[in-house]
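# Coordinate analysis (summary)
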Amino acid sequence: MLSSAWCLQTRCLWVTRALKAPVFPTRPEGGLGVAGQQRKQPGSCVNMSEDSWAVSVDVQEATAPSASSAQFDISKKTSRTRSSLSTRGDINGNIVPRDVERGDEPGPADQSLLHKMIRRSLVRNRNEVEVLQRDPNSPLYSVKSFEDLRLKPELLSGVYNMGFNRPSRIQENALPMMLAQPPLNLIAQAQSGTGKTAAFSLAMLSHVNPANKWPQCLCISPTYELALQIGQVIEQMGKFCPDVKLAYAIRGNRMERGTKLQQQIVIGTPGTVLDWCIKYKFIDPKKITMFVLDEADVMIATQGHRDQSFRIHRQLTKDCQMLLFSATFEDSVWGFAKKVIPDPNIIRLRREEETLDTIKQYYVVCREEEDKFTALCNLYGGLTIAQAIIFCRTRKTAAWLSVNMVKEGHQVALLSGELAVEQRAAVIERYRNGMEKVLVTTNVCSRGIDVEQVSLVVNFDLPVDIDGNADNETYLHRIGRTGRFGKRGFAVNMVDSEHGMDILRQIEIHFNRSIPKLDPSDTAAMEKEFNR
Ligand SMILES: Nc1ncnc2c1ncn2[C@@H]1O[C@H](COP(=O)(O)OP(=O)(O)OP(=O)(O)O)[C@@H](O)[C@H]1O
């Protein structure tokens, strides 16, 4: 597939993202200025549950920051992050910020992007797919091969060229629905990595009529980077479809006024897509026949995006096929999804629960950080550890610990939240390739990293929530980094206070497992314990 010249530009922009200030299209005062738009009076409230939600959106949006100012907020955040950087380099040669005391909770969009960047293959999931059809009498189609979908040969070549032999679990059911005639609306939920992006990319490529030189499929994604990731999948899959073209409606992609887009597929972020549909009229929303809303959970967690999505949706015709995807399905996502997708068919693939079955857990008692460090060295002295991940609460502790471990002769990678997502992906990749044996990190990677050789996870600091209680979910995700792929793993928790002991007890109760004490200075006992 021939992609637009913009593709090349965007790649450049992406690489230099952290260095360049983004370019924002300017917008006149007062938002988008849709005729008849109501203004909300200060203090009045908006009831989004009413049927007139579209009006409510207008009202709410009139008081909310405009799309451009919402984007501008992102730029402010970027520049704040940049201005908080000191010039000191960490052991990876990266810049360490002054704001090192903070814990690291990555934003959902960053987390999602990181997962996409570091993922190597489909996430295995043995759960059954649940299908809820709008018309329970219609037969339930599921396909076992891509041939069953009767795709155009050039598209089938694209799919096989990507190394896909057969549809993933979610694709088996979702693809026949997405390709059905007459079109069906779909809400699909499955954890990250189960093949949703590939599924709707295939649906869009199959849906368009290449002879029609106007946008027919519109896909919105929460961030610029995520939109580019989707674009890459479409470009790869559509490699043998030379007449299908793709445009990116993302910030900085400026077009001449009066331009009418000729590309059949448009991917973009909600603010720019809105501008392109309403303000600049580059896209005729009435001619869009497939609308894809990706990462709905991230979308609604991003300020302004939910309402922008509603506004885009309101421009589309009733016949437009609506598809919505989400990795999670809390009530808020569900409420949003039902408003965007009328009479949906629903497909869900529940996340496979992480298990502690293959992991031996211990705790060691230490008085202070120096003590914890000594205990860690003893662990290393007494055990053969393939690769380890050490979790710290703050960036400062993580940086301090990595420096000290390097002094002890370990090969250490440091991963914390001040790194740009691309840098984080690079650190993880090096570690995964065995170039470093120890990964010291904060919460930035408690979930999603699959490294086969991780035999030890250390909670240098136990995970706590904002109230100081045990954060059981994070504990599970952290120690779930070891004991994967059917191998045995070890988790060691460092307890440095009575409060720490209390947290450990809370974890034991929550998971209904006792965590025995370990004496890291007793090498013989430790070896015996680990080899049991
Ligand atoms: N049928 C398939 N066979 C083999 N690999 C596949 C198949 N479908 C997708 N993949 C691969 O699996 C990985 C995850 O797919 P994809 O990105 O589509 O998942 P996702 O559910 O959209 O994840 P996310 O929510 O993070 O975007 C990708 O590397 C993709 O190339």
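As annotated in an unreviewed UniProt entry, the protein carries the name RNA helicase and comes from Pleuronectes platessa. The UniProt entry for the protein carries the following text under Catalytic activity (unreviewed entry): "ATP + H2O = ADP + phosphate + H(+)".

### Overview of the overall build of the protein
The number of helices and strands found in the protein is 18 helices and 16 strands. Residues classed as buried in the protein amount to 53% of the 532 residues present. In the protein, of all internal contacts separated by at least 6 residues, the share reaching a separation of at least 24 is 78%. Carbon together with sulfur atoms contributes 51% to the accessible area of the protein, which is approximately 24,400 Å² in total.

### Examining the sheet that holds strand 4 (residues 186–190)
Across the sheet, which stays open at both edges, the eight strands sit in the order 3-10-4-9-8-5-7-6 with mixed pairing between neighbours. Only two strands of the sheet have a single partner each, and these edge strands are strand 3 (129–132) and strand 6 (246–249). On average, each strand axis in the sheet is inclined to that of its neighbour by 15 degrees, with strand direction left out of account. The strands that helix 7 (residues 196–207) touches are strand 4, strand 5 (217–220), strand 7 (265–268), strand 8 (290–293) and strand 9 (321–326); relative to strand 8, the one it contacts most, it runs at about 165 degrees. Its contacts with the sheet place helix 9 (residues 270–279) against strand 5, strand 6 and strand 7, and it is angled at close to 110 degrees to strand 6.

### Brief notes about the UniProt feature "short sequence motif: Q motif" (unreviewed entry) in the protein
Residues annotated in UniProt with the feature "short sequence motif: Q motif" (unreviewed entry) correspond here to residues 144–172. Across residues 144–172, the secondary structure splits into 45% helix and 0% strand, with the terminal C-alpha atoms separated by 6 Å.

### Considerations on the environment of V123
If you trace the backbone, V123 turns up in the loop between helix 4 (108–118) and strand 3. The spacing of V123 and M290 is 167 residues in sequence and 27 Å in space, taken between C-alpha atoms. The contacts of V123, once residues within four sequence positions are left out, are Q191, S192, G193 and T194.

### A look at helix 6 (residues 169–178)
A large share of helix 6 lies buried, amounting to nine of its ten residues. Those residues of helix 6 lying buried are I170, Q171, E172, N173, A174, L175, P176, M177 and M178.

### Structural notes on the packing of helix 4 against helix 15 (residues 421–432)
Between helix 4 and helix 15, the least distance of the axes is 9 Å, while the angle of their chain directions is 40 degrees. One finds that helix 4 runs oblique with respect to helix 15. Regarding helix 4 and helix 15, the two cross each other, and that crossing is right-handed. Taking contact as the criterion, the partners of D110, L113, L114, M117 and I118 in helix 4 are, on helix 15, V421, E422, R424, A425, I428 and R432. Per-class residue counts for the contact of helix 4 with helix 15 are seven nonpolar, no polar and four charged.

### Concerning the packing of aromatic side chains
On inspection of all chains with the given rule, the structure shows nine aromatic pairs. Arranged with centres 5.2 Å apart and planes meeting at 10 degrees, the rings of Y280 and F282 form a pair that is stacked. Assessed through its relative accessible area of 18%, Y280 is described here as buried. Residue F282 is classed as buried on the basis of its relative accessible area of 3%. Plain terms: the ring middles of F329 and W334 are 5.2 Å apart, the flat faces sit at 90 degrees to each other, and that makes the pair edge-to-face. According to the relative accessible area criterion, F329 is buried, its value standing at 16%. The exposure class of W334 is partly exposed, given its relative accessible area of 27%. Ring pairing ties together the aromatic residues W276, Y280 and F282, which thus form one cluster. A cation over an aromatic ring shows up here: R251 above the ring of Y224, its NZ or CZ 4.3 Å from the ring centre.

### Things to note about the UniProt feature "domain: Helicase ATP-binding" (unreviewed entry) in the protein
Residues annotated by UniProt as "domain: Helicase ATP-binding" (unreviewed entry) correspond here to residues 177–347. Helix makes up 38% of residues 177–347 and strand 18%, and the two end C-alpha atoms of the span are 10 Å apart.

### Remarks on the pattern of salt bridges
All told, the structure shown has ten salt bridges when counted by the stated rule. Taking the shortest distance from any N to any O, the salt bridge between E128 and R169 comes out at 3.7 Å. Taken together, the residues span a long stretch of sequence, with E128 in the loop between helix 4 and strand 3 and R169 in helix 6 at a distance of 41 residues. R169 gets classed as partly exposed once you look at its relative accessible area, which sits at 31%. Between K372 and D461 there is a salt bridge, and its shortest N-O distance comes to 2.8 Å. Here K372, found in helix 13 (residues 369–382), pairs with D461, found in the loop between strand 15 (454–459) and helix 16 (472–479); they are 89 residues apart in sequence, far enough to count as distant. Overall, the relative accessible area of 1% leaves K372 in the buried class. Among the charged side chains, a salt-bridge network with shared partners connects K144, R166 and E172.

Conventions and cut-offs
- Residues numbered from 1 in each chain as written.
- Predicted model: local features only at pLDDT ≥ 70, side-chain atom pairs only at ≥ 80, totals over all residues.
- Heavy atoms only, no water.
- UniProt positions renumbered as here; feature names shortened; annotations may be inferred.
- Helix = DSSP H or I, 4+ residues; strand = E, 2+ residues; numbered from the N terminus.
- Buried < 20%, exposed > 50% of the residue type's maximum accessible area, 1.4 Å probe, protein only.
- Contact = heavy atoms within 4.5 Å.
- Areas by Shrake-Rupley, 256 points an atom, 1.4 Å probe, with all protein chains shown as cover.
- Pairing = 2+ DSSP bridges.
- Axes fitted to C-alpha atoms, helices over the stretch in contact; angles between N-to-C directions.
- Parallel < 35°, antiparallel > 145°, perpendicular 65-115°, else oblique.
- Left-handed = near helix turned anticlockwise from the far one by under 90°.
- Nonpolar A, V, L, I, M, F, W, Y, C, P; charged D, E, K, R; others polar.
- Phe/Tyr/Trp six-rings, centres within 6.5 Å; stacked < 30°, edge-to-face > 60°.
- Lys NZ or Arg CZ within 6 Å of the ring centre and 35° of its normal.
- Salt bridge = Lys/Arg side-chain N within 4 Å of Asp/Glu carboxyl O.

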